[in-house]
Each structure stands twice: as structure tokens, then as C-alpha cells.
Amino acid sequence: MIEVGVFTGGTAIFAAAFFKAVFMAFDYVCLDIKDHLLILPKTEKRLGMRYEFGKTSDAFAGEVFDVVFIDGDYSFKWAKRDYLNLGKFATKICAFHDVNAKEYLPKGGGVYNFWRHLCSSVARDMTAIEICHSDAHVGAQKDGNWMGIGILDMTSK
Ligand SMILES: C[S@@+](CC[C@H](N)C(=O)[O-])C[C@H]1O[C@@H](n2cnc3c(N)ncnc32)[C@H](O)[C@@H]1O
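Conventions and cut-offs
Residues numbered from 1 in each chain as written. Predicted model: local features only at pLDDT ≥ 70, side-chain atom pairs only at ≥ 80, totals over all residues. Heavy atoms only, no water. Near = heavy atom within 4 Å. Polar contact = N/O pair within 3.5 Å; in protein donor to acceptor, adjacent residues only side chain to side chain. Areas by Shrake-Rupley, 256 points an atom, 1.4 Å probe, with all protein chains shown as cover. Nonpolar A, V, L, I, M, F, W, Y, C, P; charged D, E, K, R; others polar. Pairing = 2+ DSSP bridges. Helix = DSSP H or I, 4+ residues; strand = E, 2+ residues; numbered from the N terminus. Axes fitted to C-alpha atoms, helices over the stretch in contact; angles between N-to-C directions. Contact = heavy atoms within 4.5 Å. Expected span 1.5 Å × (residues − 1). Buried < 20%, exposed > 50% of the residue type's maximum accessible area, 1.4 Å probe, protein only. Patch = residues over 30% accessible without salt bridge, like charges linked within 9 Å, V, L, I, M, F, W, Y side chains within 5 Å. Salt bridge = Lys/Arg side-chain N within 4 Å of Asp/Glu carboxyl O. Lys, Arg positive; Asp, Glu negative; His and termini not counted.

Caption draft 1: Quick peek at the site of the ligand. Among the 14 residues in the neighbourhood of the ligand, the closest are listed as Glu3, Gly5, Thr11, Asp32 and Asp71. Within the side chain of threonine 11, an N or O atom sits 2.4 Å from an oxygen atom of the ligand. Within the side chain of aspartate 71, a nitrogen or oxygen atom sits 2.5 Å from a nitrogen atom of the ligand. When the ligand sits alone it has 610 Å² of accessible area, and the protein chains cover 81% of it. Looking at side-chain class alone, the shell around the ligand contains 6 nonpolar, 4 polar and 4 charged residues.

Printed below as a string of C-alpha cells:
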């Protein structure tokens, strides 16, 4: 798995612990333009995590991962670039965070518009699932439809 924009490692540690428990050979590339990480070296090693800081998805363009989680820069431009560099090569899942976050619309349409654009272009070829994970009256939108994770099931192609 690769996570684009790992930040402090909250999602990474949770996902790595789950996948490592079901598949011993699992490893996790944690990518970020900056080092914000708060995970202990012993834990990283145990969970098969490898850090790649000061880099973007450009450094891994064309590499194949089972799972790609895109959660870095929320602009349309970077959501598209991360998808073209990594997401479209995923063998099982390509997921984007913040597909319902309208606060990123000023960033060229944001990941919000990229996700919709992508869904309309791949709709005939694979299954897309959207999970909303916000309570009403919470966050930037307060409409109960904030943030959200968009998932492309690459196995359905
Ligand atoms: C909201 S945080 C990610 C949160 C993290 N995925 C989690 O679930 O806890 C966004 C992160 O993306 C990083 N970032 C911003 N632009 C990026 C890019 N183009 N490529 C990789 N990382 C980027 C930032 O440094 C920041 O740490």
C-alpha cells in the first residue's frame, strides 16, 4: 500500500496494523512532502512501514501497489496527478480522501470535482463507492456530507 500525504501517521498506523494482521508480507509506503510523523521506529518496523519524505507521487510514477490512498494536496491538479502517477495502476483499491470537501473547490475544482470527473469517465469500467463520514452540523460544510472517501474497486474492471 502507498499513502500519499501521511501527515502524523494516524491512518497509516491503523491501516498497517489491519493489513499486517491479515497478510504478513504487507508493507506500507508513507509518502509526504514533509516529515510530520509521530510513530515510534519500533512500531514502524513491526508494521512494515517505510517513510518517503520530501517527495510526491512523481517519485513513484508508474509503480504498482495493491492499495493507493490519495490524501495529500486537495487541488484538482494534484488529485489528477496522484491518480495518473499511482492510482490508475492500483490492482485492488484506489481511494481519495475529501471527495465531499467543498472547501477545496477554489483549488481548481479540488478533489471534489476531480472525483466526480473520474467517476463519470470510469463508470462503465469499474465500481465506485463513496463513504460519507461526517455528522451533521460538524466541520466546514455542516451538511452531514463533509469530507468523505471515494473508492475505486480496481478488481471490478
Ligand atoms: C490532511 S494531511 C493527511 C492526513 C493523513 N492522510 C491521515 O489520514 O492522517 C495532508 C498531508 O499531505 C501532505 N502533502 C501536501 N501536498 C502533498 C503532495 N503533493 N504530495 C504528498 N504529500 C503532500 C501534507 O504535508 C500533509 O502532511
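From this point, the narrative continues.
Caption draft 2: Examining the sheet that holds strand S2 (residues 28–32) more closely. Here we have 7 strands laid out as an open sheet, ordered S3-S2-S1-S4-S5-S7-S6, and mixed in their pairing. Each of the sheet's edge strands pairs with one partner strand only, and the pair in question is strand S3 (49–53) and strand S6 (127–131). Strand after strand, the sheet turns through a mean of 15° between neighbouring axes, direction not considered. Both strand S1 (residues 2–4) and strand S4 (residues 67–70) contribute to a ladder of 3 bridges, which runs parallel. Bridging from a neighbouring strand, valine 4 pairs with isoleucine 70 of S4. Strands in contact with helix H3 (residues 76–85) are S1, S4, strand S5 (93–97) and strand S7 (149–153); relative to S5, the strand with the most contacts, it is inclined by about 165°.

Caption draft 3: Examining helix H4 (residues 110–122) more closely. The first and last C-alpha atoms of H4 sit 19 Å apart over 13 residues, in line with the 18 Å expected at 1.5 Å per residue. Residues Gly110, Val111, Tyr112, Phe114, Trp115, Leu118, Cys119 and Val122 constitute the buried set of H4. Residues of H4 that are buried sit in contact with H3, S5, S6 and S7.

Caption draft 4: H3, seen in detail. When we look at burial in H3, the residues that qualify are Trp78, Ala79, Asp82, Tyr83 and Asn85. Along its buried surface, H3 packs onto S1, S4, S5, H4 and S7.

Caption draft 5: Structural view of a nonpolar patch on the surface. Together, Phe18, Val22 and Phe23 make up an exposed nonpolar region whose accessible area comes to about 340 Å². Turning to its location among the elements, phenylalanine 18 is positioned in helix H1 (residues 10–22).

Caption draft 6: The arrangement of the side chain of glutamate 44 in detail. Checked against the element boundaries, glutamate 44 lands in helix H2 (residues 41–46). Comment: no salt bridge for buried glutamate 44; closest opposite-charge side chain is lysine 45, at 9.9 Å. Glutamate 44 has contacts with Ile39, Met49 and Tyr51, leaving out every residue within four places of it along the chain.

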